[in-house]
Amino acid sequence: MHIKRDRASLVIALILPIFLLLLFGFAVSSDVDNLKLSVYDGSKSIESRELISSLNNSTYLKVYEYVDTPDAVEKSLDYGRTKIGVIIPDYFTTRLRRGEPTDVQFLIDGSDPYIAKTASSYSALIVNHHSQELQKNVIKPKEKGQGIKPFNLLLYNPTLESSKFNIPGIIGLILQNITIMLTAFSIVREKEKGTMEQLIMTPITPLELVIGKIIPYVFIAFLN
C-alpha cells in the first residue's frame, strides 16, 4: 500500500531498470570500430597509397589525417586526436619492387588496453592480408614470407595493464557517488531531527539550501 501511494518510488523502480538497460546495453558501446588513423606516407607511391586504402576501407580503421613527419604522428596521438599512427618509410616501395621484405610501423595508443589489443590485431591482420595479395598478384619475392611486415609499438601503457585505465575512472565514480550520497544523507538527517522546518522558515531558497549542503562534500571529495 505504501509503494502504491509513493508514485515516484514506483516509477523509479519500474522505469530505472529499463533506462539503465538501454543506456549500458546500447548507448555505452565497447565495440572497436572506426579507429582514427594518423598517416605519414614517406614513400608517396602507388603501393603505399594502396596500403593506406586497404586500411581505410576496413570497418575498423579510418584515416583521420595525413601528416608531413613521423614526429607529427606521435604528436597527434599525444593530443588524443587519433588512436593509431601509421608510418610508411621512404624505402617502402623500393624494397617491395626488389622483392625484399619491408616494414610499416604502427604507433598504438595503449591507454585503453582493450582498444589497444584490438587495434594491434586488426592492423596486423589487414597488413598481412594486403601483403599476401600483393605477393600473389604483383610481386614475385625471391623467398617465401617476404613482403610487408607490420611493426606495432604501444605507447603510454606498453604492458597493457588494465589498472592504469580503470582506476582513474573508478576514482571519479567513487567521488561522485560519495558526494551525492552524503549530501542526500545530510538533508534526510535534517528531516529526521526535525530541523528542516527551521531551515524552511529561514530566507534561503531551496537551491541555496542544496548548494550549501553540497559545497562541503565537494571540498571533501577534492581532499580525497
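Being a predicted model, the structure only gives us computed values, none of them experimental. Numbering of residues begins from 1 in every chain and follows the order in which that chain's sequence is written. Thresholds applied to this predicted model are a pLDDT of at least 70 for local features of residues and 80 or more for the giving and counting of side-chain atom pairs; totals over whole chains, interfaces and linings are not thresholded and use all residues. As a convention, hydrogens and water are excluded, and side-chain values are obtained from all of the structure's heavy atoms.

**A look at the environment of Asp-109**
Moving on, step 1. Note on conventions: DSSP H or I runs of at least 4 residues are helices, E runs of at least 2 residues are strands, and numbering of each starts at the N terminus. With respect to the helices and strands, the residue Asp-109 is situated in strand S4 (residues 102-109).
Moving on, step 2. A relative accessible area of 8% places Asp-109 in the buried class.
Moving on, step 3. Whenever two N or O atoms come within 3.5 Å, that pair is a polar contact, provided that in protein one can donate a hydrogen and the other can accept it, and provided that, for residues adjacent in sequence, both atoms are side-chain atoms. In terms of polar contacts, Asp-109 uses its side chain to reach the side chain of Ser-111, at 2.8 Å. Categorising residues by exposure relies on relative accessible area from a 1.4 Å probe, with only protein chains included: less than 20% of the type maximum marks a residue as buried, more than 50% marks it as exposed, and the intermediate range marks it as partly exposed.

**Considerations on the pairing of strand S1 (residues 35-41)**
Moving on, step 1. For S1, the buried fraction is high: 6 of the 7 residues fall into the buried class.
Moving on, step 2. Remark: the S1/helix H3 (residues 46-56)/strand S2 (residues 61-66) crossover connection has right-handed handedness.
Moving on, step 3. Of the pairings in the sheet, the one linking S1 to strand S3 (residues 84-88) comprises 5 bridges and is parallel in character. Its bridge partner being in S3, Tyr-40 is matched across the sheet by Ile-87. The handedness rule is simple: strands pointing away from the viewer, and a clockwise path from the first strand over the helix to the second, make the crossover right-handed. By this definition, two strands are paired if DSSP reports at least two bridges between them.

**Thoughts on helix H4 (residues 70-78)**
Moving on, step 1. Turning to H4, its buried residues number three or more, namely Val-73, Ser-76 and Leu-77. For H4, the buried positions fall inside an angular range of 100 degrees around the axis, keeping them on one side.
Moving on, step 2. It only takes one pair of heavy atoms within 4.5 Å for two residues to be counted as in contact. Buried positions along H4 lie against S1, S2, S3, S4 and strand S5 (148-155).
Moving on, step 3. In the segment just after H4, Gly-80 is the residue with positive phi, at about 80 degrees. In this description, one arc is meant: the one made by directions from the helix axis to the C-beta atoms.

**Quick word on the packing of aromatic side chains**
Moving on, step 1. In summary, the pairing rule links any two rings of Phe, Tyr or Trp, Trp by its six-membered ring, whose centres are within 6.5 Å, and it sorts them by plane angle into stacked for under 30 degrees, edge-to-face for over 60 and tilted for everything else. In total, this model carries 1 aromatic pair according to the counting rule given.
Moving on, step 2. With centroids separated by 3.7 Å and ring planes inclined at 20 degrees, the aromatic side chains of Tyr-60 and Tyr-122 adopt a geometry described as stacked. On the criterion of sequence distance, the pair formed by Tyr-60 in the loop between H3 and S2 and Tyr-122 in helix H6 (residues 113-137) is long-range, its members being 62 residues apart.

**Details of the sheet that holds S5**
Strand pairs in the sheet, formed through backbone hydrogen bonds, run parallel or antiparallel to each other.
Moving on, step 1. The strand order across the open sheet built from 5 strands is S2-S1-S3-S4-S5, with neighbouring strands paired in mixed fashion. Because the sheet does not close on itself, it has two edges, and the strands there are S2 and S5. Between one strand axis and the next, the sheet turns through 30 degrees on average, direction left out of account.
Moving on, step 2. Pairing geometry for S4 and S5, over 8 bridges, is parallel. For Gln-105, the partnering residue across the bridge sits in S5 and is Phe-151.
Moving on, step 3. Here an angle of 0 to 180 degrees is reported between the N-to-C directions of two axes, which are lines fitted to C-alpha atoms, with helices fitted over the stretch in contact. Each of S1, S2, S3 and S4 touches H3; the most contacted strand, S2, lies at about 130 degrees to it.

**Some thoughts on helix H7 (residues 163-193)**
Structurally, the α-helix is built with 3.6 residues per turn, so residues lying three or four positions apart point the same way.
Moving on, step 1. The length a helix should cover is 1.5 Å for every residue beyond the first. Taking 1.5 Å per residue as the helical rise, H7 with its 31 residues ought to reach 45 Å, and the 43 Å between its terminal C-alpha atoms agrees with that figure.
Moving on, step 2. On its buried face, H7 is in contact with helix H8 (196-201) and helix H9 (206-223).
Moving on, step 3. Where H7 terminates, the next one or two residues include Gly-194, which has phi positive at roughly 80 degrees.

**A closer look at the confidence of the model for the protein**
Moving on, step 1. Values of pLDDT, the confidence the predictor places in each residue, fall between 0 and 100. The predicted model of the protein has a mean per-residue pLDDT of 85, with 94% of residues at 70 or higher.
Moving on, step 2. Mean pLDDT across the elements of the protein ranges from a minimum in helix H1 (residues 2-5), with 76, to a maximum in S3, with 94.

**Quick notes on the packing of H7 against H9**
Moving on, step 1. Across the interface, H7 lies against H9 with an axial gap of 9 Å and an inter-helix angle of 145 degrees. Taken as a pair, H7 and H9 cross one another with a handedness that is right-handed. Only Lys-213, Ile-214, Tyr-217, Val-218 and Ala-221 of H9 make contact with H7, whose side of the interface consists of Leu-175, Thr-179, Leu-182, Thr-183, Ser-186, Ile-187 and Glu-190.
Moving on, step 2. Residue polarity follows a fixed list, in which Ala, Val, Leu, Ile, Met, Phe, Trp, Tyr, Cys and Pro are nonpolar, Asp, Glu, Lys and Arg are charged, and the others, Gly among them, are polar. Of the residues assigned to the contact of H7 with H9, the class counts are 7 nonpolar, 3 polar and 2 charged. Here a crossing is called left-handed whenever its near helix is offset anticlockwise from the far helix by less than a right angle, and right-handed whenever the offset is clockwise.

**Focus: a nonpolar patch on the surface**
Moving on, step 1. On the surface, Val-11, Ile-12, Leu-14, Ile-15, Leu-16, Ile-18, Phe-19, Leu-20, Leu-22, Phe-24 and Phe-26 cluster together to form a nonpolar patch covering roughly 1100 Å² of accessible area.
Moving on, step 2. Take Leu-20: it is sitting in helix H2 (residues 7-27). Grouping into patches uses exposed residues only, defined as over 30% relative accessible area, and leaves out salt-bridged ones; the cut-off is 9 Å for like charges and 5 Å for nonpolar side chains (Val, Leu, Ile, Met, Phe, Trp, Tyr). With residues, only the protein chains shown are counted as cover, and all accessible areas are computed by Shrake-Rupley using a 1.4 Å probe. Between Lys or Arg on one side and Asp or Glu on the other, a salt bridge is scored when a side-chain nitrogen of the former is within 4 Å of a carboxyl oxygen of the latter.

**A closer look at the environment of Tyr-66**
Moving on, step 1. By the secondary structure assignment, Tyr-66 is in strand S2.
Moving on, step 2. For the pair Tyr-66 and Ser-123, spaced 57 residues apart in the sequence, the C-alpha separation amounts to 17 Å.
Moving on, step 3. When sequence neighbours within four positions are dropped, the list of residues in contact with Tyr-66 reads Val-39 and Ile-52.

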